Amino acid sequence: MKGSADFTLTGPCGIYCGECEAYKAKDDPALLEYMKKALNTDALPCPGCRTVQGKCPAIAGTCETYTCAAEHAVDFCYECKGFPCARLNPAADRAERLPHNIKVFSLCTIQNQGLASLVEKYPEIKQRYFKGKMAIGRGPQL
């Protein structure tokens, strides 16, 4: 797992950078230009948070979750004795645009089914999050 492209492109928090527009912009000049304007940075395309040691171009400074995982010597947050912690708590703020609320689900998928399973399922996970309609008792439906 360590050293694989999937590992490199999956943050300690469980977000799969390979599906992020800041990463995908490497293959799409129009998206790259849009993302540079939207994020107000030239630090794109992003190679994934592990490659830049948590210095995500979408935030100022270093990602605190990345730093915390490094300080606790874990590859993924689920390996920490404090999992889940407040950094992974869902929030309504910008939930319609940011994938931050799928972190715990992603981490549990890695823990129970493996990283390859997360990477395979991530497009659907992201689709359910952003486009799904909640059915009480059944979860988000596409």
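Residues numbered from 1 in each chain as written. Predicted model: local features only at pLDDT ≥ 70, side-chain atom pairs only at ≥ 80, totals over all residues. Heavy atoms only, no water.

### Structural notes on the overall build of the protein chain
Counting its regular elements, the protein chain contains six helices and two strands. The order of α-helices and β-strands along the protein chain, N terminus first, is α-α-α-α-α-α-β-β. Taken over C-alpha atoms, the radius of gyration comes to 15 Å for the protein chain, in line with the 14 Å a tight globule of 142 residues would show. Seen through its principal axes, the protein chain has C-alpha atoms that stretch 40 × 35 × 30 Å. (Helix = DSSP H or I, 4+ residues; strand = E, 2+ residues; numbered from the N terminus. Rg over C-alpha atoms; globule rule 2.2 N^0.38 Å.)

### Description of helix H6 (residues 115-131)
If you check H6, its first and last C-alpha atoms are 23 Å apart, about what 17 residues at 1.5 Å a residue would give, namely 24 Å. Of all the bends in H6, the greatest, near 55°, is centred on Lys-121, and the proline Pro-123 appears no more than four residues after it. Taken as a whole, H6 has its buried residues at Leu-115, Ser-117, Leu-118, Val-119, Tyr-122, Ile-125 and Lys-126. Those residues of H6 that are buried are in contact with helix H1 (5-8), helix H2 (21-24) and helix H5 (103-113). (Expected span 1.5 Å × (residues − 1). Bend = angle between axes of the 7 residues up to and from the residue. Buried < 20%, exposed > 50% of the residue type's maximum accessible area, 1.4 Å probe, protein only. Contact = heavy atoms within 4.5 Å.)

### Side note on the packing of aromatic side chains
The full count for this structure, using the stated rule, is four aromatic pairs. Ring geometry for Tyr-16 versus Tyr-122: centroids 5.7 Å apart, planes at 65°, classification edge-to-face. On the criterion of sequence distance, the pair formed by Tyr-16 in the loop between H1 and H2 and Tyr-122 in helix H6 is long-range, its members being 106 residues apart. Of the two residues examined, Tyr-16 and Tyr-122, each falls in the buried class. Aromatic side chains Phe-76 and Tyr-78 sit 6.0 Å apart centroid to centroid with 10° between the ring planes, which places their arrangement in the stacked category. Judged by relative accessible area, which is 0%, Phe-76 ranks as buried. Residue classification places Tyr-78 among the buried positions, given a relative accessible area of 16%. (Phe/Tyr/Trp six-rings, centres within 6.5 Å; stacked < 30°, edge-to-face > 60°.)

### Focus on the nonpolar core
The biggest cluster of nonpolar side chains holds 21 residues, and the ones touching the most others in it are Phe-76, Leu-107, Ile-110, Leu-115, Leu-118 and Tyr-122. For this core, the elements supplying multiple residues, two or more each, are H5 and H6. Considering every element that reaches this core, the biggest residue donor is H6, with five residues. Setting aside residues no more than four positions away along its own chain, Leu-115 makes contact with Met-1, Asp-6, Phe-7, Thr-10, Phe-76 and Ile-110. (Core = buried A, V, L, I, M, F, W, Y, C linked by side-chain atoms within 4.5 Å.)

### Side note on helix H4 (residues 64-71)
An α-helix turns once per 3.6 residues; consequently, residues spaced three or four apart project the same way. If you check which residues of H4 are buried, you get Thr-65, Tyr-66, Cys-68 and Ala-69. Seen along its axis, H4 keeps its buried residues to an arc of 160°; they face one direction. Facing away from the buried side of H4 by more than 90 degrees, the exposed set consists of Glu-64, Ala-70 and Glu-71. Phi turns positive, to about 55°, at Ala-73, one or two residues after H4. (Arc of directions from axis to C-beta.)

Structural measurements only, silent on function.
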